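Commentary on secondary and tertiary structure
Take a look at the letters that make up each chain.
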Amino acid sequence: MTHSSPAVAALHALAQPADLPALDKVLHQPALKPCIEQYGLTLVTQQLRELLAQLRTQALSQQLPLTQVAADHIIEQLIAKLDQVTRSELKTVINLTGTVLHTNLGRALLPDSAVQAVAQVLTQPTNLEFDLDTGKRGDRDTLVETLICDLTGAEAATVVNNNAAAVLLMLSALAPQKEVVVSRGELVEIGGSFRIPDIMSSAGCRLKEVGTTNRTHYADYERAIGEHTAMLMKVHCSNYAVVGFTKETALSQLVTLGQQHQIPVTMDLGSGTLVDLAQWGLPHEPTVKETLQSGVDLVTFSGDKLLGGPQAGFIVGRKALVDKIKKHPLKRALRVGKLTMAALESVLALYRSPELLPERLTTLGLLTRAQSDIQQQANTLQPSLQQALGHDYQVSCEPMYSQIGSGAMPVESLPSFGLVIRYLGQAKAGRQIMQLERTLRTQPLPIIGRIHKDALYLDCRCLSEQQADTLSTNWSATQL
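For clarity, every value in this text was computed on a predicted model and none was experimentally measured. (Residues numbered from 1 in each chain as written. Predicted model: local features only at pLDDT ≥ 70, side-chain atom pairs only at ≥ 80, totals over all residues. Heavy atoms only, no water.)

Attention shifts here to the environment of L381. In this fold, L381 is placed in helix α18 (residues 371-389). Since its relative accessible area comes to 3%, L381 is described here as buried. With 94 residues separating them in the primary sequence, L381 and W475 have C-alpha atoms 8.8 Å apart. Aside from chain neighbours lying at most four places away, what touches L381 is L419, L463, A468, L471, S472 and W475. (Helix = DSSP H or I, 4+ residues; strand = E, 2+ residues; numbered from the N terminus. Buried < 20%, exposed > 50% of the residue type's maximum accessible area, 1.4 Å probe, protein only. Contact = heavy atoms within 4.5 Å.)

Written as structure tokens, this is what we have:
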């Protein structure tokens, strides 16, 4: 028969609730002083009280080792708890999905000039709604309206918090309790299950569908016009494509029809661009200026997609209609703040020198990035990632295709390069790859890739040099 030593016995002894130290005793421990200075006494006390309550519950159920009720051990747990509860839920991530304008990852990245502009107004008063010439209350739209009109050829413009808000405000102001004519092939659904018919319903107007999913003729619009018609509306199908036996009525034809019946014609461009992207080898996307030149009365588009700015929605076009829209009560509810205005003004200013956009506008720089440059980055990262994953995985550098994203040019792709990870072990490859994807996604600096055919693809198009250096360092020192 063997007897355990007193030290071993103590190690396996269970704590009782009475063994837990009092809250005040822990708070007065010298080791906790730096923690209180960093987080404040209120938060430290609150988290300590919760921790002691959890330990007391474990002690009552005889599941708490006696060694875990020592003050130094409790302080160690408390520090970890405070670090967790004060950690920001909005984290920076590394986007290796291959989607440049990824809605779930924040869409467009702002250029440095916009970041500096936002930082400047963060801590200082601004003339957001103050007219410095008259000394009276001003209109915040005037901060960017001249720029927008110069770049698009519009008579007037207003800004709200996103494009869905722009469409909602436009419909609410111009078509309440009336009919808006839209082709069935353009009743799009955008991210998060927001649909054009739902926005129209929320705006208090009635949708009048014309044509079919794949073919809508001029005569369909003509027959739909009646005494209750308030608007003819087209929606740019930027997040899907209908191919094959199709027919779309030209915007210029709708403009003529609208003028004949004195009905406004509007166009929702979605991810509207201010410049012709074809000059940089990208597919052509209708620009806002081109659309207005067709004679359309109003155009709505986003600020954080192809424009490359912060989240915002624009309504541009005829001054009489824009003025009416700006007087609607919803305008105040949907307006943007000084941070968005500062970023917008800075980004729009870059378009005054379009030949310099690829170097200065982050989004365009990523879209036009050379495949050879991306390949070189992937080749540099491959050895360190292979080392971190070990022999059960194969990491190879392979060509792949990126996409623009956020509903822009859904059938177009961009030649890219990246790392492809495949599992070579005995377990099911799909399960192992899913677990690896989760491991990368839940790291302190999350890495977001995409799974395709039991392999994990890490597209390097959106990877900055600084991020690449961080990954190389981390993978060289870590076993994943």
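This part is about the confidence of the model for the chain. This prediction gives the chain a mean pLDDT of 91; 93% of its residues lie at or above 70. Every residue in residues 6-11 is under pLDDT 50, and counting partners more than four places away or in other chains gives four contacts. (pLDDT = per-residue confidence, 0-100.)

A few words on the packing of helix α6 (residues 112-122) against helix α15 (residues 338-350). For the pair α6 and α15, the least separation of the axes is 8 Å and the interaxial angle reads 150°. One element, α6, and the other, α15, form an angle in the roughly antiparallel class. Considering the relative orientation of α6 and α15, their crossing is right-handed. Contact with α6, carried on its side by S113, A114, A117, V118, V121 and L122, involves K338, L339, A342, A343, S346, V347 and L350 of α15 and no other residues of that element. (Axes fitted to C-alpha atoms, helices over the stretch in contact; angles between N-to-C directions. Parallel < 35°, antiparallel > 145°, perpendicular 65-115°, else oblique. Left-handed = near helix turned anticlockwise from the far one by under 90°.)

Formed by 61 residues in total, the largest nonpolar core has its most connected members in V159, V299, F301, V316 and Y351. Looking at this core, the element that brings in the most residues is α15, giving seven residues. Not counting the four nearest positions on each side in its chain, Y351 is found in contact with L151, L274, V275, L306, L307, L357 and L361. In terms of nonpolar packing, the next biggest core, distinct from the first, is built from 29 residues, A166, A173, M231 and I325 among them. (Core = buried A, V, L, I, M, F, W, Y, C linked by side-chain atoms within 4.5 Å.)

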